[in-house]
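# Observations on the three-dimensional arrangement
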Amino acid sequence: MHKTNLTYLLIVIVFTTQIRAQKNPDFQGQAMAFGNYSPDFNNNILIGGRYIPQLNYTISIDSAKKTDFEASANLFGAVSIFPPDSSDFDGNINPYRIWARFTGNQFEIRLGLQKIDFGSATLLRPLQWFNQIDPRDPLALTNGVYGALGRYYFLNNANIWLWILYGNEKTRGSDALTTYTKNPEFGGRVQYPVPKGEIAASYHHRTADSLGIKPPVSYGQIPEDRFALDGKWDVKIGLWFEASYIHKSRNIGLLTNQTLLNLGADYTFGLGNGLNVIAEHLLMGYGSQSFGFTGRSNISAATLAYPMGLFDNLSSVLYYSWDTEAFSVFVNYQHQFKNITGYIMAYYNPGSQQGIRENELFNQVSGPGIRLMLVYNH
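Residues numbered from 1 in each chain as written. Predicted model: local features only at pLDDT ≥ 70, side-chain atom pairs only at ≥ 80, totals over all residues. Heavy atoms only, no water.

Here we come to the overall build of the chain. Broken down by element type, the chain carries one helix and 18 strands. Relative to its full complement of 378 residues, the chain shows a buried share of 41%. For the chain, restricting intrachain contacts to residue pairs at least 6 apart in sequence, the fraction spanning at least 24 positions comes to 53%. Summed over all atoms, the accessible surface of the chain reaches about 19800 Å², with 61% contributed by carbon and sulfur. (Helix = DSSP H or I, 4+ residues; strand = E, 2+ residues; numbered from the N terminus. Buried < 20%, exposed > 50% of the residue type's maximum accessible area, 1.4 Å probe, protein only. Contact = heavy atoms within 4.5 Å. Areas by Shrake-Rupley, 256 points an atom, 1.4 Å probe, with all protein chains shown as cover.)

A few words on the environment of L304. Mapped onto the fold, L304 is located in strand β14 (residues 295–307). Take L304: its relative accessible area is 31%, and that puts it in the partly exposed class. If near-sequence neighbours (up to four positions away) are discounted, L304 is found in contact with L275, N276, V277, L314, S315, S316 and L318.

Before going further, it helps to spend a moment on a nonpolar patch on the surface. A contiguous nonpolar patch, built from L304, M308, L314, L318, F327, V329, V331 and Y348 and spanning about 640 Å² of accessible area, is present on the exposed surface. The set of elements that each furnish at least two residues to the nonpolar patch consists of β15 (312–321) and β16 (326–336). Element by element, the count of residues in the nonpolar patch is highest for β16, at three residues. (Patch = residues over 30% accessible without salt bridge, like charges linked within 9 Å, V, L, I, M, F, W, Y side chains within 5 Å. Salt bridge = Lys/Arg side-chain N within 4 Å of Asp/Glu carboxyl O.)

With 28 residues, the main nonpolar core has F34, L124, L139 and M373 as its most contacted residues. Other than its neighbours up to four places away in sequence, F34 contacts L46, I47, G48, G49, F76, A78, R371, L372 and M373. With 11 residues, the next largest nonpolar core counts F118, W129, W163 and A228 among its residues. (Core = buried A, V, L, I, M, F, W, Y, C linked by side-chain atoms within 4.5 Å.)

Okay, unusual backbone geometry next. With a phi angle near 55°, A140 is a residue other than glycine that sits in the positive phi range. Positive phi outside glycine occurs at K196, with the angle close to 65°. Structurally, K196 is set in the loop between β8 (185–194) and β9 (197–209).

This part is about the side chain of N262. Examined against the element boundaries, N262 turns out to sit in strand β12 (residues 257–269). Look at N262 and you get buried, because its relative accessible area is 0%. Excluding its chain neighbours within four sequence positions, the residues that come into contact with N262 are A121, L124, P126, W240, F241, E242, E280, H281 and L282.

According to the stated counting rule, one finds 14 aromatic pairs in the structure shown. Residues W129 and F130 carry aromatic rings whose centres are separated by 6.2 Å and whose planes lie at 80° to one another, so their mutual orientation is edge-to-face. Classification of W129 as buried rests on a relative accessible area of 0%. Residue class for F130 comes out buried when judged on its relative accessible area of 2%. Linked through ring pairs, F118, W129, F130, W161 and W163 together constitute an aromatic cluster. Here the basic side chain of R151 rests over the ring of W161, its NZ or CZ set 4.5 Å away from the ring centre. Above the face of the F34 ring, R371 is positioned so that its terminal group lies 4.5 Å from the ring centre. (Phe/Tyr/Trp six-rings, centres within 6.5 Å; stacked < 30°, edge-to-face > 60°. Lys NZ or Arg CZ within 6 Å of the ring centre and 35° of its normal.)

Where side chains of opposite charge bring their charged atoms close, a pairing between them can arise. Scanning all chains against the criterion turns up 13 salt bridges. One salt bridge connects R125 with D117, and the closest N-O pair in it is separated by 2.6 Å. For R125, a relative accessible area of 14% corresponds to the buried category. A salt bridge links R226 to E224; its shortest N-O distance comes to 2.8 Å.

Structural data, given as structure tokens:
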């Protein structure tokens, strides 16, 4: 057989093998409808919905390697009603996740709009560098970031993360200023197993944009470095810590340096079906000098979760600011119907929620309020 024809035949065989190895596209989605009433916010009534369609596709290369893809969108619409005669409509369509991933037995490389999340804490998170997950949101919605992420897993459960991000303009987690989108961000993380737990070190570099400072100042772009340590252990109760230090290369006052330290624990009490309690405390220090703590604030948080049965759950999230002596309370009752999950949520938020990650996808206004939500996953 001619060499060229043999090459073509090999290409056809390989291509056919790959086609047969492909998994059929998997289409799923999450539809949500909600209503929110806030009496202190001009008697605001908010009615809306969100739909996140998601398409996944997998190509198996061999028994150890595969390539998979995910694409999803965030379709949102809501109307705010201010009795008796005023209303306002808001709606948008945005990409939610768009990424491709190549995986093997001990590694993965993911490229595109994705969620990046790590750390030991649950409620008050110094290491919430790349997402906006609000612990009060039962759906854990968050905007993604554009970038590339690589992870390698050693046989002893140690692992290494490396990432590079570009073009992300939204503030996230610990961001005091927005990011200058024309410079790439990069960093990494090493996790290592220790007796009864694990410990990790993380680093991230980005360029902050001084246009986010109020009042505006002409510092231009400011290089910023972040260093973090975190660890978690299971010793009858769960124990963890998370510590992060953020340094900007230019003196911009109190925002030049940020130090965040979280200590937390969780335990499930043998009451009824089991009452799970998580408690955390966050110390935040900031100032023009490294670890100077010109400014300091403390906030404590706790969650209580109780399964009432196979289809019903009751949970709450509590925050307390020691500086402003302000409480934030969130209570959620969840019931699982045949195809739909229903939520009844009541809350009270103070005017300022320092240290609490407010998620624009699950926004809550100050004062008391009640929120009803129905979620359908297909």
